[in-house]
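# Observations on chain architecture
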Amino acid sequence: MRVLIRGAGVAGLTLAHELASRRVEVEVAETSTRAGGGASWFAGGMLAPWCERESAPETVLTLGRSAADWWDAALPGHVIRKGTLVVAQPRDTAELTRFAARTCGFDWLDADQVEALEPSLAGRFRKALYFREEAHLDPRRAINALHDKLSAMGVRFHFGAAADFPDAGFDRVVDCTGASAIGHAADLRGVRGEMLMLETAEVALSRPVRLLHPRMPLYIVPRGDGRFMVGATMIESDDCGPVSARSLMELLNAAYALHPAFGEARMIETGAGVRPAYPDNLPRISVEGDTIRVNGLYRHGFLLSPYIASDVAAQIVEPLKTMAPPLAVRFKTALAAEHENTTHLKIGASR
């Protein structure tokens, strides 16, 4: 069997891995000149299903729980399992309480426990939430490593390919083009996310830290060697241009609020990516003849791609052996079990 995947972002790469692992002949066509040329390159890489539950349906928690295990198996040594720390300034304690009410899987920490976990934050926060089961990885290292692994497995990449790369001779085509499909897929919209990279030797963090704020919540993810990724805005726009002055000031002010030493840090990079999203901010899988479309991963690309890739690959390779119903039916059934009256994850109907 031969399968063409359009798009070499995190969705396309994880699917390529699942198919290649099942001995499928896979080719990947990407309009960019490298893997992860879109929003995946600017991702935080947080495998944090419990934290994401604060603003997402239970589905994200259910489908994202196995993400860290998948990445650990696919790329040993890339996943850092040190949890997530969620903090708020004393004046914003209500935000911490609200966050706790909408999530689970955490421990409340006092000031001494925060200091023991992250010495750089000593004396700065009276309370915090610690999600010990969460993990993170460096998206860029992971994308490059996955590309190299797939190439070694025999997957052929076509970088700089035309959007209409020919699909003749392939048994199935899977469209994972993400934001490139905005304007062509019904209801798909762009959500702009901006980030910056700071470098300082004055702060040391072992895990992602989320700072809650009524207007500008942010996360800071350690990347090693004194570098920290600070993100991310969520702006309803498909503009992928440079970071705006307003966003830059807000991100820097929030980083300074976490630790004043960030005020003296060197800013070594800014960037923006457009995350494709549907109205419910959850992915959809649609089937049109021999073409499967996967899109709308929003800000959950690294978290949900493993589950979706495994599911799509199984349906391509073993639809009769597994005796599983079509993709649309399977996703709707799974969601119906979690939400008796509301289907949160919409899957396009087969045509």
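Structure shown above.
Residues numbered from 1 in each chain as written. Predicted model: local features only at pLDDT ≥ 70, side-chain atom pairs only at ≥ 80, totals over all residues. Heavy atoms only, no water.

This next bit is on the overall build of the protein chain. The secondary structure content of the protein chain amounts to ten helices and 17 strands. In summary, the protein chain has a C-alpha radius of gyration of 20 Å against a globular reference of 20 Å for 351 residues, a match within 12%. With the C-alpha coordinates of the protein chain rotated into their principal frame, the extents come out at 60 × 45 × 35 Å. A separation threshold of at least 6 residues defines the contact pool for the protein chain, and within that pool the share at least 24 residues apart is 76%. Put simply, the protein chain shows about 15,500 Å² of open surface, and 50% of that area lies on carbon and sulfur atoms. (Helix = DSSP H or I, 4+ residues; strand = E, 2+ residues; numbered from the N terminus. Rg over C-alpha atoms; globule rule 2.2 N^0.38 Å. Contact = heavy atoms within 4.5 Å. Areas by Shrake-Rupley, 256 points an atom, 1.4 Å probe, with all protein chains shown as cover.)

Between its terminal C-alpha atoms helix H9 (residues 301-317) stretches 23 Å, which fits the 24 Å expected from 17 residues at 1.5 Å a residue. Burial analysis of H9 places 14 of its 17 residues in the buried class, the great majority of the element. (Expected span 1.5 Å × (residues − 1). Buried < 20%, exposed > 50% of the residue type's maximum accessible area, 1.4 Å probe, protein only.)

Here we come to the environment of Met197. By secondary structure assignment, the location of Met197 is in strand S10 (residues 189-199). The exposure class of Met197 is buried, given its relative accessible area of 8%. With 33 residues separating them along the chain, Met197 and Val230 place their C-alpha atoms 6.1 Å apart. With residues up to four places along the chain from it excluded, the contact list for Met197 reads Arg223, Phe228, Met229, Arg266, Met267, Ile268 and Glu269.

Counting 50 residues, the largest nonpolar core has Ile5, Leu15, Leu19, Leu47, Trp71 and Val294 as its most contacted members. The element best represented in this core is H9, accounting for eight residues. For Leu19, the residues in contact, after removing those within four places along its chain, are Val3, Ile5, Val24, Val26, Ala313, Ile316 and Val317. One finds Leu198, Met216, Leu218 and Ala255 within the second-largest nonpolar core, a separate group that totals 26 residues. (Core = buried A, V, L, I, M, F, W, Y, C linked by side-chain atoms within 4.5 Å.)

Here six strands make up an open sheet; going across it, the order is S8-S2-S1-S9-S17-S16 and the pairing mixed. The open sheet has two edge strands, strand S8 (156-159) and strand S16 (284-288), and neither has a second partner. Across the sheet, the mean angle from the axis of one strand to that of its neighbour is 15°, orientation sign disregarded. Lying over the sheet, helix H1 (residues 10-21) contacts strand S1 (2-6), strand S2 (25-30), S8 and strand S9 (172-175), oriented at roughly 170° with respect to S1. Contacting S1, S9, S16 and strand S17 (291-295), H9 crosses the sheet at an angle of about 175° to S17. (Pairing = 2+ DSSP bridges. Axes fitted to C-alpha atoms, helices over the stretch in contact; angles between N-to-C directions.)

Before going further, it helps to examine the side chain of Glu134. Locating Glu134 in the fold gives a position in the loop between strand S6 (127-131) and strand S7 (135-136). An unpaired buried charge is present at Glu134: no salt bridge exists, and Arg210, the closest side chain of opposite charge, is 5.5 Å distant. Of the polar contacts made by the side chain of Glu134, one reaches the backbone nitrogen of Cys51; its length is 2.8 Å. The contacts of Glu134, once residues within four sequence positions are left out, are Leu47, Ala48, Pro49, Trp50, Cys51, Arg81, Lys82, Gly83 and Thr84. (Lys, Arg positive; Asp, Glu negative; His and termini not counted. Salt bridge = Lys/Arg side-chain N within 4 Å of Asp/Glu carboxyl O. Polar contact = N/O pair within 3.5 Å; in protein donor to acceptor, adjacent residues only side chain to side chain.)

Our next topic: the packing of aromatic side chains. Overall, the coordinates contain seven aromatic pairs when judged by the stated rule. Aromatic pair Phe106 and Trp108: ring centres 6.3 Å apart, planes at 90°, arrangement edge-to-face. On the basis of relative accessibility, which here comes to 22%, the residue Phe106 falls in the partly exposed class. Judged by centre distance (5.5 Å) and plane angle (10°), the rings of Phe157 and Phe159 are stacked. Classification of Phe159 by relative accessible area gives partly exposed; the value is 31%. Here the basic side chain of Arg284 rests over the ring of Tyr278, its NZ or CZ set 4.1 Å away from the ring centre. (Phe/Tyr/Trp six-rings, centres within 6.5 Å; stacked < 30°, edge-to-face > 60°. Lys NZ or Arg CZ within 6 Å of the ring centre and 35° of its normal.)

In this section: the pattern of salt bridges. Tallied over the full model, the rule gives 23 salt bridges. For Asp167, the salt bridge identified is with Arg6, shortest N-O distance 3.6 Å. Here Arg6 lies in strand S1 and Asp167 lies in the loop between S8 and S9, a separation of 161 residues in the sequence. Of the residues examined, Asp167 reaches a relative accessible area of 36% and is grouped as partly exposed. Taking the shortest distance from any N to any O, the salt bridge between Arg53 and Glu58 comes out at 2.8 Å.

Another point: helix H7 (residues 139-152). Taking 1.5 Å as the rise per residue, H7 with 14 residues should run 20 Å; its terminal C-alpha atoms sit 20 Å apart, in good agreement. You can read the cap of H7 off the contacts: a side-chain oxygen lies 3.1 Å from the backbone nitrogen of Arg140, and it is on Asp138.

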